[in-house]
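Notes for the structure review
One letter stands for each residue in the lines below.
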2 protein chains.
Amino acid sequence: MSLDHLPRHQGGADALARLLGQALLAGSWQPGEVFPRELDLCKHFEVSRNQVRNALASLTATGLIERTAGRGTRVCQISDWHLLDPLMSEWLAGLEAPDPKLVREIFAFRYSAEPVVASLAANAAVAADIAAIEQAFDGMRITASAQQAARHVEYDLAFHEAIYRASHNLVWRQMGHLLRPSIMALIQHSQHSVATLDDSLVRHGRVLAAIRAGQPQAAERAAREVLKRTAIDLGIVAEAADTLPSNER
Amino acid sequence: MSLDHLPRHQGGADALARLLGQALLAGSWQPGEVFPRELDLCKHFEVSRNQVRNALASLTATGLIERTAGRGTRVCQISDWHLLDPLMSEWLAGLEAPDPKLVREIFAFRYSAEPVVASLAANAAVAADIAAIEQAFDGMRITASAQQAARHVEYDLAFHEAIYRASHNLVWRQMGHLLRPSIMALIQHSQHSVATLDDSLVRHGRVLAAIRAGQPQAAERAAREVLKRTAIDLGIVAEAADTLPSNER
DNA sequence: GCTTGCTAAAATGTCAGACATTTAATAGGC
DNA sequence: GCCTATTAAATGTCTGACATTTTAGCAAGC
């Protein structure tokens, strides 16, 4: 794959890293394939070798590419990508059409993890945590219309992130970054009718209530119900389906 | 905090990043404090500015420090550290005496997450996955003596990592990196008597059996039992205690 | 006295060019 | 045919100069 179709860019090495990172996430290069050489990138984007090297260093840090002196740069296997790196989440969230396989994998993770997080939050949340969740929930309610989908999604994001934070665990908190790509993908599949939005709101409300009441098991169940709704909205499972996304043998 | 007590080093920028990263993880600088300037680091370690900048770039990528032109370099809050970055795990695992708070946080995460992972593995594992878990388990059995603690811990690590891989989820798999610092800490608290080692082995065996049998709920329970044993061995809870480490309000 | 604005210093960021090192391919000798 | 030396090509490193950003200090003006 050549880089002819990539647009010129403006901004520093970060912008270049983002551009290349997103191209890799979008599948412009296959794993194992050789990546363009530094000097070619310099020429194509009309930037200094320094900027290219800085950008490539970011890509290396996220496990997208692997570089060896004399050999060149190759694209890593998907299983080696650092999906939990905040940079990666940001790039993924900014993609127009993220790889459905990736979205599905991330959602499958959320489906198994988030009930546990909600349960932890119900045990550990203090007043400030509950206030944060509540505020996000209020925002979701106010923006529950098709016209304000973008703002609604932001509040949705804040809601779930607040729950991760409320778990009061450093590791789970870091994982909140993963929410952005998963939730931003909702905008693409914007089959947000009034009915589904209302249903989604009710389910979110039950999670909030359970956490506020300090009921871990109820929070766990409620979180799972929220994710079932999200799975439908993401187009991962069909509307009527009662089955859940799970990893088959 | 000055860097007078840091040893000279040998190796490239990676080694320097490791040295500085481990010093940060060990708490040599407080969050918010200013970090030494590039030129001071050059002088102290007798390396080029290039190497220093590369090392500092790694530290920036892991969220340990934050750099601003003209302002300088400051140490980030612990909550901003990218604990899920593989580099971070490696540094943390290599520490002689990692911060007990961090070890506890990571273990608390494992305690809530690993039962879920085991359950997923019981659903998703194929023959190769089970073989990998089995092989690690055999290794643990063979090295179950105080003399071979180091090798035993490696097999222990392989056992848990194989379960993460068996979940067949890209995100959970990435999280396997976290195991190393958590399990390596076991070497420090090496109160491995024959009895505890035997008990630990039995519990690990039950996880393997449940996954092989494809029984998610049994796997979940068994994984929790393994972690209760580990919590004792890590000195997180007392021997007789039946209570579990959890995040209090 | 307080604010405003200019100036200088100090830190990180960037550039350009030469050189070092590693890897792989290639040609040559036996 | 195999082994070795050479060459080419890629990434890695060093150096010095310069750019940019931020902060602090100082001075002028209201």
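Looking at an unreviewed UniProt entry, chain A carries the name GntR family transcriptional regulator, with the source organism given as Halomonas salipaludis.

1. Focus on the overall build of chain A
Summing up its helical and strand segments, chain A has 11 helices and 3 strands in all. Its helices and strands in sequence order give chain A the pattern α-β-α-α-β-β-α-α-α-α-α-α-α-α, from N to C terminus. For chain A, the spread of C-alpha atoms along the three principal axes comes to 60 × 40 × 35 Å. Counting only residues that meet the buried cut, chain A has 53% of its 249 residues in that class. Put simply, chain A shows about 11400 Å² of open surface, and 50% of that area lies on carbon and sulfur atoms.

2. A word on the sheet that holds strand β2 (residues 65-68) of chain A
Residues and elements named next belong to chain A. Ordered by their spatial adjacency, 3 strands build an open sheet running β1-β3-β2, and the pairing between neighbours is antiparallel. The sheet terminates laterally at β1 (34-35) and β2, the two strands that pair on one side only. Sheet contacts for helix α3 (residues 49-61): β1 and β2; angle to β2, the most-contacted strand, approximately 120°.

3. A word on the sheet that holds strand β3 (residues 72-75) of chain B
Residues and elements named next belong to chain B. Ordered in space as β1-β3-β2, the 3 strands form an open sheet in which the pairing is antiparallel. The sheet terminates laterally at β1 (34-35) and β2 (65-68), the two strands that pair on one side only. Direction of pairing for β1 relative to β3: antiparallel, over a ladder of 2 bridges. If you follow valine 34 over to β3, its bridge partner there is arginine 74. Packed onto the sheet, helix α3 (residues 49-61) meets β1 and β2 and runs at close to 120° relative to β2.

4. So, the domain arrangement of chain A
Residues and elements named next belong to chain A. You can read the domains of chain A as domain 1 (13-80) and domain 2 (86-233). Centre-to-centre separation of domain 1 and domain 2, based on C-alpha positions: 32 Å. Each partner contributes to the interface: domain 1 provides 10 residues, whereas domain 2 provides 9 residues. Note on domain 1 versus domain 2: buried area summed over both sides is about 890 Å², and carbon and sulfur give 76% of it. On the domain 1 side of the interface with domain 2, the three residues burying the most area are Arg18, Gln22 and Leu25, jointly 58% of the side's total. Scanning the region where domain 1 abuts domain 2 turns up 1 salt bridge. Glutamate 90 is the partner of arginine 18 in a salt bridge, and the nearest nitrogen-oxygen pair spans 3.0 Å. Along the contact surface separating domain 1 from domain 2 lie 2 residue pairs in polar contact (both at pLDDT 80 or more).

5. Observations concerning the nonpolar core
The nonpolar side chains of a soluble globular protein tend to be buried with one another. Membership of the largest hydrophobic core comes to 162 residues, with the highest contact counts inside it found for Phe35, Trp172 and Met175 of chain A together with Phe35, Trp172 and Met175 of chain B. Leave out the neighbours within four places in its chain, and methionine 175 of chain B touches Leu84, Phe109 and Met175 of chain A together with Leu84, Phe109 and Tyr164 of chain B.

6. Quick word on the interface of chain A and chain B
On the side of chain B, 38 residues touch chain A, which itself brings 38 residues to the contact. Here chain A is connected to chain B by 0 salt bridges. Where chain A touches chain B, the interface holds 10 residue pairs in polar contact (both at pLDDT 80 or more). Elements supplying a minimum of two residues to the side of chain A that touches chain B: α5 (100-124) and α8 (170-174) of chain A. With 12 residues, the top contributor of residues to the side of chain A that touches chain B is α5 of chain A. Class assignment for the residues of the side of chain A that touches chain B results in 22 nonpolar, 10 polar and 6 charged.

7. Focus: the protein's contact with DNA strand D
Taken together, 17 residues surround DNA strand D, and among them Arg37, Arg49 and Arg67 of chain A together with Ser48 and Asn50 of chain B come closest. By atom count, sugar and phosphate contribute 67% of the portion of DNA strand D lying within 4 Å of the protein. Elements that contribute at least two residues to the surface near DNA strand D include exactly α3, β2 and β3 (72-75) of chain A together with α3 of chain B. A total of 3 residues in the surface near DNA strand D trace back to one element, the largest contributor, which is α3 of chain B. In terms of residue class, the surface near DNA strand D is made up of 2 nonpolar, 8 polar and 7 charged.

8. Focus: the environment of alanine 219 of chain A
Residues and elements named next belong to chain A. Of note, alanine 219 is situated in helix α11 (residues 216-233). Put simply, alanine 219 and alanine 118 are 101 residues apart on the chain and 5.5 Å apart in space, counted from C-alpha to C-alpha. If sequence neighbours within four positions are ignored, alanine 219 has contacts with Ala118, Ser119, Ala122, Ala210 and Ile211.

9. Remarks on helix α10 (residues 194-213) of chain A
Residue and element names in this part refer to chain A. Taking 1.5 Å of rise per residue, the 20 residues of α10 would be expected to cover 28 Å, and the 29 Å separating its terminal C-alpha atoms lies within 8% of that figure. Among the residues making up α10, those that are buried are Thr196, Leu197, Ser200, Leu201, Arg203, His204, Gly205, Val207, Leu208, Ala210 and Ile211. On the buried face of α10, the contacting elements are α5, α6 (127-142), α7 (149-166) and α11. A positive backbone phi angle near 70° is found at glycine 214, which sits one or two residues after α10.

So, how was this worked out
Residues numbered from 1 in each chain as written. Chains lettered and ligands numbered in written order. Predicted model: local features only at pLDDT ≥ 70, side-chain atom pairs only at ≥ 80, totals over all residues. Heavy atoms only, no water. Helix = DSSP H or I, 4+ residues; strand = E, 2+ residues; numbered from the N terminus. Buried < 20%, exposed > 50% of the residue type's maximum accessible area, 1.4 Å probe, protein only. Areas by Shrake-Rupley, 256 points an atom, 1.4 Å probe, with all protein chains shown as cover. Pairing = 2+ DSSP bridges. Contact = heavy atoms within 4.5 Å. Axes fitted to C-alpha atoms, helices over the stretch in contact; angles between N-to-C directions. Domains from an automatic or database assignment. Buried area = accessible area lost by both parts, 1.4 Å probe. Salt bridge = Lys/Arg side-chain N within 4 Å of Asp/Glu carboxyl O. Polar contact = N/O pair within 3.5 Å; in protein donor to acceptor, adjacent residues only side chain to side chain. Core = buried A, V, L, I, M, F, W, Y, C linked by side-chain atoms within 4.5 Å. Nonpolar A, V, L, I, M, F, W, Y, C, P; charged D, E, K, R; others polar. Near = heavy atom within 4 Å. Expected span 1.5 Å × (residues − 1).

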